[in-house]
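Structural characterization, general
For reference, the chains in residue letters:
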Amino acid sequence: MKSGRLWAIGSVAILALGQPAPVNWTAADDHRNMMEQIGVNALRPGPSGNENAPNHANYDESKANPYPNLPDVLTLRNGKKVTTAKMWWDERRPEIVEDFEREVVGRVPKNVPKVTWTVTETVKAMSELRGVIIERLNGHVDNTSYPAINVDIQMTLSLPADATGPVPLMIMFGRDGPIAGSSANGDPVPAEQLIADGWGYAYLNPASIQADNGAGLTKGIIGLTNQGQPRKPDDWGALRAWAWGASRALDYLESDSAVDSKYVGIEGVSRWGKAALVTMAFDTRFALVLVGSSGEGGAKLHRRNFGEAVENLTGSGEYHWMAGNFLKYGAAESTFGSKTAADLPVDSHELIALCAPRLTFISYGVPEKGDAKWLDQQGSYMATVAAGPVFRLLGVKDLGVSDDYRTAKMPPVNEGLLDGTLAWRQHDGGHSDGPNWKYFLLWADRFVKHPPLPALAVEQPASEPVRRMDPLSLIAHQRLLDQAKKGHTDIYFEGDSITRRWAATDYPELLANWNKNFSGWSAEDFGWGADRTQNILWRLLNGELDGVNPKVIVLLAGTNNIGNTISSDGDDAKVRDISLGLEAIVRTMRNKAPDATIIITAILPRNDTMAVMPAVEKINSNLSKLADGNKIRYLNINASLAGPDGKLFDGMMNPDKLHPTLKGYQVWADALKPIFTELLGPSAVVNER
C-alpha cells in the first residue's frame, strides 16, 4: 500500500498520499529490528523462574552481588560531591534523569499530542459505609496528525459523596475494581479504605494508553507519536508511556475542584508497580507513591544476581517496557562487544532517589504466599537504603538505618520502617500490596493534612455488626487476631478505650497496674478505642474470639453509643437500641465461648455531660436483667466511683470525666479479683502474658 493520509469511510480506512501505513509486526519482529538498530547480534538468555531448569535463577546470597558497588547517587559525573539541595536539583538530578531516559526507560517525544478529557458517565454508589460519586472519563489523545491510530485513555474517578472540601487522591494502575468488599487478606478493598479515610481514588487503565507487549509498540501512544513506525533506540517504552498517561490523568485532576491536587499519589503492583515508581520519579507533581512488588525494572537493583535479571528485561517478552538502548546490557555479541548490568550508568536506587523528598513507600510480600523470590525483596531493600542520602540531603527522614546497602538486611516481616518520608514494609501476604494499604494510609495521613469526613447521617442499629475502616482500627484488628491465635488466654477483656487503656503500652502506669492485679491469671486485653457496640460485635464475629476458649470474659462497652447528645429524659428508643446491642454482644460471646463465664460490667458514670446519666442508669438496669448469676454475671462498681447524684468522687476519672484514673481502675480490679479467684483459683506466681 502506498504511503498516504488515512481517511475513514464507514468502517473502511483509506490511506491518502502523505503518511506511512502502520507497521504490523510481531513482538519477535520488533525485538529483532531493535537489536539490528543498536548493533546487537546475540543476547544472553535470562534465567528461568523454574528452579529445576538448567538455567534457573540464582537464589544463593553468596553469589547475589557480583557487582557490589552502585553508582554514587550524590557524586556528579565529574567526581564532584553533591553537598547541597541546589546541587541536587540543578546538577545531579538532571544527570540521573538523562541517563535513565537515554539508556533505561526512554524519552517522551516532544510531539506528544494533547489529551482532552470528557466525563462520559456519573453515577452514585455506596461503599460499605459511605456514599461515593463515580465519574467515568475518557481522555482522547489528539490524533489529527495520524488518524490511523486512536488512543482513548480510560479512567474512573471516585470521591466520597459527603466530602466538605477537596480530598487527597490515589491513582491506581488497573481496571475498575469493587468499591466495597474484602481483599484476599480479609481487609476491606483499597477503594473502601480510601473512601473511609476521606480520600478519593482513580483507576487508570494502562492498556488504554499502551499495550503490554512488543507487538503493540507501533500502536498506542508510542505508535501514535511515531506514526505507526518502529521505535528509535532512545524512544520511550511501555513503563514511561504508562507514566505519561498517569501524568495526563493528573492534568485533569488539577482542574477538578473536588480533588486536592497537592496530594495526588500513584500506586501499582508488579509491572504496574514499576510504572508507579517511574511515574513518581519523573513527574514531581505527584506527592506520594505506593510501589507494590515491583521487582526488576522497579525497585530491584539491576546489578543484583538474584531472581529476575536484566537479561529477562532484554528478551522479547519484556523488552517493550524499556528503551531500545536497554537491550545493550544483555548483549553477548555486538558491534560494541559485551555489556552487563555493571555497565549501566544508573541503578534502581537512583530511580527511588528521583522521588525525593516526596512520600515514597516500597512494599513487598513474602515468597511463601506467592510474592516470589524472583522479585528479589532483599535487592529492593538494598536499593531503598541506598536512596536514603538524597532524602536526607533534601531535609526529610529516610528509613533511619545505616547507609551501607551492601550489608543491609531487611527488617522482619510485618515490621515496617515507617517513620520517614521514605518507607519500607514487607507484609506476610502474596503478590499484592493489599495487606499494606492500612499501613500506607496511616503513614500518609501523618504527612497529608486533610479534614476528616463528617459523621454518618444515619447510624446503624447498635445490634448490627459494623467494621471500622480507619487504618488504625484495621491494624488493631489484625493485631487482635494474632493475639487470639496465641492461646493461653483464661481471662478475655473486651470493650472500648476504657478497657484498652488498662493494658496498653502507651499508658505505662495503667499497664503496671494491670500486671500487678492480674499477673498469673493469663489475662489478655481485646479492647479497642472509640468502638461502639456495632464495632465490637463485628470484631467478635470476625475472628477475635475464635478458638480462644477463655474461662472468663469481662465486658465493658456502650458508652460510645450514648455519646454526649442524648436527651435528659434518657431517650427510651436509644436506650433500647444500645441495650439490644450489648445483648447481641453477650449472645455472640456465649456462642463463641460457651464454657466461659461472662462478667458484664455496668457502664461507668460520666460527668462530661451529666445529661447522659439517666440513660446510663436505664441501660445498666437492662444489663442487670441479662445476668443469670452463674454463666452471666453483672458487676456494677458505680457506687464506688460516684455518689447517688451521679457526680464522680474526686480522683476517680481523668479531666475528660470519662476515662478512669489509676485509682478508678483499681476500684474495678478490686471488684473483679474475688470473682476471678472464685472461678479460676488464686493467681499463679508467673504471668503467662
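The text that follows walks through the structure, step by step, so that each part is easy to find. (Residues numbered from 1 in each chain as written. Predicted model: local features only at pLDDT ≥ 70, side-chain atom pairs only at ≥ 80, totals over all residues. Heavy atoms only, no water.)

What about the pairing of strand β7 (residues 167-173)?
- Across the seven residues that make up β7, a large majority, seven, are buried.
- Pairing of β7 with strand β9 (residues 259-269), which is carried by five bridges, proceeds in the parallel orientation. Pairing of V167 across the sheet is with V259, part of β9.
- When β7 meets strand β8 (residues 200-204), the two strands line up parallel, connected through five bridges. (Buried < 20%, exposed > 50% of the residue type's maximum accessible area, 1.4 Å probe, protein only. Helix = DSSP H or I, 4+ residues; strand = E, 2+ residues; numbered from the N terminus. Pairing = 2+ DSSP bridges.)

Some words on the sheet that holds strand β14 (residues 491-495)
- On the basis of which strands lie adjacent, the open sheet formed by five strands has the order β15-β14-β16-β17-β18 and parallel pairing. For this open sheet the edge positions go to β15 (523-525) and β18 (632-635), each flanked by a neighbour on one side alone. Here the average twist between neighbouring strands, direction ignored, is 20 degrees. (Axes fitted to C-alpha atoms, helices over the stretch in contact; angles between N-to-C directions.)

Quick word on unusual backbone geometry
- Looking along the chain, the bond that leaves A356 and enters P357 is cis, with omega of 0 degrees.
- One non-glycine residue, S522, lies in positive phi territory at about 50 degrees.
- Here S522 shows up in the loop between α13 (508-518) and β15.
- The backbone phi angle of A530 is positive, close to 70 degrees, even though this residue is not glycine.
- Assignment of secondary structure puts A530 in the loop between β15 and α14 (533-544).

Topic: helix α5 (residues 238-254)
- Taking 1.5 Å of rise per residue, the 17 residues of α5 would be expected to cover 24 Å, and the 24 Å separating its terminal C-alpha atoms lies within 8% of that figure.
- Within α5, 15 of the 17 residues are buried, which leaves it mostly tucked inside the rest of the structure. (Expected span 1.5 Å × (residues − 1).)

Observations regarding the sheet that holds β8
- One open sheet holds the nine strands; their spatial order is β4-β5-β6-β8-β7-β9-β10-β12-β13, and the pairing between them is mixed. The open sheet has two free edges, formed respectively by β4 (115-126) and β13 (422-426), since each of these has just one partner strand. Neighbour to neighbour, the strand axes of the sheet diverge by 20 degrees on average, direction disregarded.
- Set on the sheet, helix α9 (residues 377-393) makes contact with β12 (359-364) and β13; between it and β13 the angle comes to about 165 degrees. (Contact = heavy atoms within 4.5 Å.)

A look at the pattern of salt bridges
- Taken as a whole and judged by the stated rule, the model has 47 salt bridges.
- Between E101 and R240 there is a salt bridge, and its shortest N-O distance comes to 3.0 Å. Note that E101 is positioned in helix α2 (residues 85-103) and R240 in helix α5, a separation of 139 residues in sequence. Each of the two residues, E101 as well as R240, counts as buried.
- Between E678 and R633 there is a salt bridge, with the nearest N and O atoms lying 2.9 Å from each other. Remark: R633 occurs in strand β18 and E678 occurs in helix α18 (residues 662-680); sequence separation between them is 45 residues.
- Relative accessible area serves as the criterion here: at 54%, E678 is assigned to the exposed category.
- If you follow the salt bridges from partner to partner, you end up with R77, E98, D99, E101, R102, E103, R107, D234, R240 and K328 in one network. (Salt bridge = Lys/Arg side-chain N within 4 Å of Asp/Glu carboxyl O.)

Focus on the packing of α13 against α18
- One can describe the packing of α13 onto α18 by two numbers: an axis separation of 10 Å at closest approach and a directional angle of 20 degrees. In terms of their interaxial angle, α13 and α18 are classed as roughly parallel. The two elements α13 and α18 meet at a crossing, and its hand is right-handed. On the side of α13, the interface is formed by E509, L510, N513, K516, N517 and F518, while α18 contributes L662, Y665, Q666, A669, L672, K673 and F676.
- Partitioned by chemical class, the residues of the contact of α13 with α18 number seven nonpolar, three polar and three charged. (Parallel < 35°, antiparallel > 145°, perpendicular 65-115°, else oblique. Left-handed = near helix turned anticlockwise from the far one by under 90°. Nonpolar A, V, L, I, M, F, W, Y, C, P; charged D, E, K, R; others polar.)

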